[in-house]
Amino acid sequence: MTDKRFNRKKKIKALINDPYYQPMKQREIGYLMQVAPEDRDEFVEILNELVEEGSIEVSKRGKYMPPSVKTVKGTFSCTSKGFGFVTVEGEDDDYYIHEKNMNGAFHEDTVLMQVLDDHPTSGRRKEGKIIKILERGIKTVVGTLQKNQNFGFVIPDNLRFDSDIFVSKSQCKNLTSGFKVMVEITDYGDARRSPEGKIIEVLGHKDDPRVDILSIVKAYGIPTQFEDDVKQQVDTIPSEIKASDYKDRMDIRDWPMVTIDGEDAKDLDDAITLSRKGENYLLGVHIADVSEYVTEYSPLDKEALKRGTSVYLVDRVIPMLPHQLSNGICSLNQGCDRLALSCIMKVDPSGKVVDHQIAETLINVDHRMTYTSVAKILDGDMEERKKYDDFVEMFELMKELSDILRHRRHERGSIDFDFPESKIILDEKGRPVDVYPQVRNAATKIIEDFMLCANETIAEEFYWREIPFLYRIHEIPDHEKIDKLQVFLQNFGIYLKSSHDEIHPKEVQKLLTKIEGTPEEPLISRLTLRSMKQAKYSAYSSMHFGLSTRYYCHFTSPIRRYPDLQIHRIIKETLHNKFTTRRFSHYDAILPKVAEQSSKMERRAEEVEREVCKLKKAEYMRRRIGEVHEGIISGVTNWGIYVELPNTIEGMVHVSILPGDYYYYDEKTYSMVGERTGRTFKLGEKVKIRVKDVDMMLKNIDFELVEDDDYEQSEDGWKKTHCK
């Protein structure tokens, strides 16, 4: 919508909703607003749009008036239990939608909602009723085909899409029941008819290897192939570079340089150099210069923005950029000349960056190191130290500087939640054979510390340049959540200092330090994390609460994150003195949209990664039904307690099968309390469970509690001590 049209629409809406306005017909409003003859068609379109979206009403006599009931536009989210919620932009709380008030809306639809109650009593939600569907959100669905003699229907994998989809006999004639398919919805049906669709892609049979993960990927709309125009652009990009073509770049190929990544990583986008300069450290963070190949508005750029990020799953990587770039010319592979954008920082003995240089560079990596290998070197492994003899001193210097940088961040209040990630090992058929926690070592911390340092340095420079930029922000937690946390902490005699309903990250860090090593640590750490907001991208700099810094951005991973690629362009235009007034206006206009799209795609990637992990963990535990394990209570809700095992797998013990009493949820203490006995189950408490059942459709794992004296631990796990 153009600014001119937007302003006209705004004026018409304001006129009709003015308290002194009297209902008028179309011609009368046009005359009053002095609409020119050439603008009449657009004027009529705007009136129709306002009626369609519920901003105004039109009577049977053709007179326009304000809406008779309060209506708002929002996005509908359906739950697997039948009811849903509408999220309205600019409002903190969602509106509850009862099943009878959904009016045929499906998950993610844009809807017009009548407000039934926007000032509910304490403990209740705002409530609404959907009166019109403005735009369908889900246009394709992935599901399992069920076929009979005359027709077929697809049962959606997405439980929030709560209706099967009818497909004609001709659509599924070559398929049998059990095939995973993608269906395009052609008719959303009504109260009497199911939705109808046509099969647009067959993913494979549900029992075929890796089809389960592909189904999740497709269900979230993540593209797995690149379009022809992208491939054509890739074909024009060289597979190697000629150093002679880049004489204007800073040539640092003779600097001792390494990459440090996981064993499986192929998209290597950051390299490190480190040396002494007097009492200071000279730290170089050298990042793949992806923007040299992915130019603005090119097919590659449009595709990268659409994807937003690479998606890392247990059995595959879905890259933001084609493999020819992500694993080839852009990847900082050992022994290859590569183009980089470098942030070279002079760091004093206290960890403060006292000077820095940003430059386009020509680099060549000496060694492709892994976290495991570097950790062995730092632990004194003689075989590994001998293998990389020339670089041992640099790795030890890295550890020294890493500790200094980490200490400095800790002093200012940076928060470090050290929850291990799950590592899932699959066999050749995609079946999980092992699950275990992936713990950070000294090498992963080195890279983390150096990347954070570079990201902060870049963000601070461009903040003070006062030019449009893309920041990574983490807002201050909502005071309601902090109030809840404070009430809970008082049970342990712990108090969080806050001022004017705000809390400083230093106070959160002090809390985590205070509880370190105590039995309550897992419990309090989890609740504190849940009180935090999610980080996101923004065109406006704001405090990063978790890092306790005023300036932060993502600069170090342009192969796999679009925001990094976007700010590389801004940096390079600044280096070449091409950041004109016109370019200022250009970035000022596009960066809010880039931030919104990048944040949205990041959330999507996180959801897919989480769903795939849940799927494989459920599959892993399905073969372990009946086994007994020890774990800790990781969550307590109205419907039961969640127990996490040492391998990071989590399951639920339903409240109805908690032993020996009727239990209710005490929200203040985050515990389940026995009504008669007073027995409690609290977060962080150790319990023994038996694997009861696994629901592969819901990806849920059900546990049941077992009494301690019935089992004892042996080399083969927990065994019954006696027979009954």
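Rules and cut-offs
- Residue positions within a chain follow its written sequence, with the count starting from 1.
- For a predicted model such as this one, the threshold for reporting local features is a pLDDT of at least 70, and the threshold for listing and counting side-chain atom pairs is 80 or more; totals across whole chains, interfaces and linings nevertheless cover every residue.
- Hydrogens and water molecules were not included; the side-chain quantities draw on all heavy atoms of the structure.
- The helix and strand labels rest on DSSP assignments: H or I over at least four residues marks a helix, E over at least two residues marks a strand, and numbering proceeds from the N terminus.
- We compute the radius of gyration from the C-alpha atoms alone; for a globule the expected value is 2.2 Å times N to the 0.38, where N is the number of residues.
- Whether a residue is buried, partly exposed or exposed follows from its accessible area with a 1.4 Å probe, protein chains only, as a fraction of its type maximum: under 20%, in between, or over 50%, in that order.
- Only heavy atoms matter for contacts: two residues are in contact if any of them lie within 4.5 Å across the pair.
- In this description, accessible areas are obtained by the Shrake-Rupley approach with a 1.4 Å probe, and a residue is regarded as covered only by the protein chains that are shown.
- Only four residue types enter the tally: Lys and Arg on the positive side, Asp and Glu on the negative side, with His and both chain ends excluded.
- We put the charge of a Lys on NZ, of an Arg on CZ, of an Asp on CG and of a Glu on CD.
- Only one rule defines a salt bridge in this text: a Lys or Arg side-chain nitrogen within 4 Å of an Asp or Glu carboxyl oxygen.
- What qualifies as a polar contact is a pair of N or O atoms within 3.5 Å, subject to a donor-acceptor requirement within protein and to the restriction that residues adjacent in sequence count only when both atoms come from side chains.
- A pair of strands is labelled paired if DSSP reports no fewer than 2 bridges between them.
- To get an axis, fit a line to the C-alpha atoms, keeping to the stretch in contact for a helix; angles then go from 0 to 180 degrees between the N-to-C directions.
- In what follows, roughly perpendicular refers to angles from 65 to 115 degrees, roughly parallel to angles under 35, roughly antiparallel to angles over 145, and oblique to any angle outside these ranges.
- Under the convention adopted here, Pro, Cys and the residues Ala, Val, Leu, Ile, Met, Phe, Trp and Tyr are nonpolar, Asp, Glu, Lys and Arg are charged, and Gly plus all remaining residues are polar.
- Should the near helix be turned anticlockwise from the far one by less than a right angle, the crossing is termed left-handed; should it be turned clockwise, right-handed.
- Among the buried residues, those of types Ala, Val, Leu, Ile, Met, Phe, Trp, Tyr and Cys that are joined through side-chain atoms within 4.5 Å form a nonpolar core.

Draft legend 1. Up close: the overall build of the protein. Secondary structure summary: the protein contains 16 helices and 36 strands in total. What you see for the protein is a C-alpha radius of gyration of 29 Å, in line with the 27 Å of a compact globule of 724 residues. Taken along the three principal axes of its C-alpha coordinates, the protein extends 90 × 80 × 65 Å. Here the protein, with 724 residues, has 48% of them falling under the buried criterion. Looking at the protein alone, contacts between residues at least 24 apart form 66% of all its contacts between residues at least 6 apart. If you sum the accessible surface of the protein, you get close to 37500 Å²; carbon and sulfur atoms cover 47% of it. Counting 108 positive and 125 negative side-chain charges, the protein places the averaged centre of each group 4 Å from the other.

Draft legend 2. Region of the structure containing the side chain of Arg 624. Here Arg 624 shows up in the loop between α16 (581-622) and β27 (628-637). Although Arg 624 is buried, it makes no salt bridge; Glu 627 carries the closest opposite charge, 4.3 Å away. At 2.7 Å, the side chain of Arg 624 forms a polar contact with the backbone oxygen of Tyr 620.

Draft legend 3. Main features of the pattern of salt bridges. Tallied over the full model, the rule gives 56 salt bridges. Where Lys 9 meets Glu 49, a salt bridge forms, and the shortest distance between an N and an O atom there is 3.2 Å. A residue pair is termed long-range when its members are at least 10 positions apart, and Lys 9 in helix α1 (residues 3-16) and Glu 49 in helix α3 (residues 40-52) qualify at 40 residues. Since its relative accessible area comes to 27%, Glu 49 is described here as partly exposed. When the shortest N-O distance is used, the salt bridge between Asp 289 and Arg 249 registers 2.5 Å. Highlighted residues: Asp 289 in the loop between β17 (280-288) and α6 (299-307) and Arg 249 in the loop between α5 (228-235) and β14 (250-251), separated in sequence by 40 residues. Salt bridges here are not isolated pairs; linked through shared partners, they connect Arg 5, Arg 8, Lys 9, Asp 39, Glu 42, Glu 45 and Glu 49.

Draft legend 4. Local environment of the side chain of Lys 699. Residue position: Lys 699 is located in the loop between β33 (686-695) and β34 (700-705). Classification of Lys 699 by relative accessible area gives buried; the value is 15%. Setting aside chain neighbours within four positions, we find Lys 699 in contact with Ile 216, Glu 611, Lys 614, Leu 615 and Ala 618.

Draft legend 5. Highlighting the sheet that holds strand β1 (residues 24-25). Strand order across the open sheet formed by three strands is β1-β3-β2, with antiparallel pairing between neighbours. Lying at the two open borders of the sheet, with one neighbouring strand each, are β1 and β2 (57-58). Judged from the two bridges that link them, β1 and strand β3 (residues 63-65) form a sheet pairing that is antiparallel. Note on β3: the bridge partner recorded for Met 24 is Tyr 64.

Draft legend 6. Layout of the pairing of β27. With seven of its ten residues buried, β27 lies for the most part within the structure. Relative to β33, β27 is paired through five bridges, and the arrangement is antiparallel. Residue Glu 630 lies in a different strand from β33, and its bridge partner there is Lys 688. Relative to strand β28 (residues 640-644), β27 is paired through five bridges, and the arrangement is antiparallel. Looking across to β28, one finds that Gly 635 is bridged to Tyr 642. In this antiparallel pair of consecutive strands, β27 and β28, the connection spans two residues.

Draft legend 7. Representation of the packing of α6 against helix α15 (residues 562-575) within the structure. Two elements in contact, α6 and α15, have axes separated by 9 Å at closest approach and are oriented at 135°. When the axes of α6 and α15 are compared, the pair comes out oblique. The residues of α15 that touch α6, namely those facing Asp 301, Ala 304 and Leu 305, are Tyr 562, Leu 565 and Arg 569. Partitioned by chemical class, the residues of the contact of α6 with α15 number four nonpolar, no polar and two charged.

Draft legend 8. View of the packing of α15 against α16. Relative orientation of the contacting elements α15 and α16 amounts to 165°, with a least axis distance of 10 Å. On the basis of their axis angle, the class for α15 and α16 is roughly antiparallel. Helix-helix and strand crossings are classified by hand; for α15 and α16 the assignment is left-handed. Only Arg 583, Tyr 587, Ile 590, Leu 591, Val 594 and Ser 598 of α16 make contact with α15, whose side of the interface consists of Tyr 562, Pro 563, Gln 566, Arg 569, Ile 570 and Glu 573. Within the contact of α15 with α16, the residues separate by chemical class into seven nonpolar, two polar and three charged.

Draft legend 9. Up close: the sheet that holds strand β30 (residues 663-666). Strand order in this open sheet of three strands is β30-β31-β32, and the pairing throughout is antiparallel. Since the sheet does not close on itself, it has two edges, and those belong to β30 and β32 (680-682), each with one partner. Pairs of neighbouring strands in the sheet enclose a mean axial angle of 20°, with direction left out of account. Bridge count between strand β31 (residues 671-674) and β32: three bridges; the pairing is antiparallel. Bridging across to β32, Met 672 finds its partner in Phe 681.

Draft legend 10. Up close: helix α14 (residues 521-530). Restricting attention to buried positions, one finds in α14 the residues Leu 523, Ile 524, Ser 525, Arg 526, Leu 527 and Thr 528. Buried residues belonging to α14 abut α12 (479-489), α13 (505-515), β27 and β28.

Draft legend 11. A look at the nonpolar core. Residues Leu 325, Phe 395, Met 398, Phe 450 and Phe 555 are the most contacted members of the largest nonpolar core, which totals 85 residues. Counting residues per element, this core draws most heavily on helix α11 (residues 442-464), at ten residues. Not counting the four nearest positions on each side in its chain, Met 398 is found in contact with Val 258, Ile 260, Ile 272, Leu 274, Ile 446 and Phe 450. Listed in part, the 44 residues of the second largest apolar core include Ile 494, Leu 512, Leu 523 and Phe 545.

Draft legend 12. Layout of the environment of Cys 613. Here Cys 613 lies in helix α16. Along the backbone, Cys 613 and Lys 699 are 86 residues apart, and their C-alpha atoms lie at a distance of 9.5 Å. If near-sequence neighbours (up to four positions away) are discounted, Cys 613 is found in contact with Val 314 and Ile 424.

Draft legend 13. How the structure looks around the pairing of strand β4 (residues 71-78). Judged from the five bridges that link them, β4 and strand β7 (residues 110-117) form a sheet pairing that is antiparallel. Looking at β7, one finds that Val 72 is bridged to Met 113. As paired elements, β4 and strand β5 (residues 84-87) share four bridges and run antiparallel to each other. Each bridged residue has a counterpart across the sheet, and for Ser 77 the counterpart in β5 is Phe 85. Counted along the chain from β4 to the antiparallel partner β5, the turn is five residues long, and its residue Gly 82 has a positive phi close to 110°.

Any functional reading would require information beyond the geometric quantities listed.
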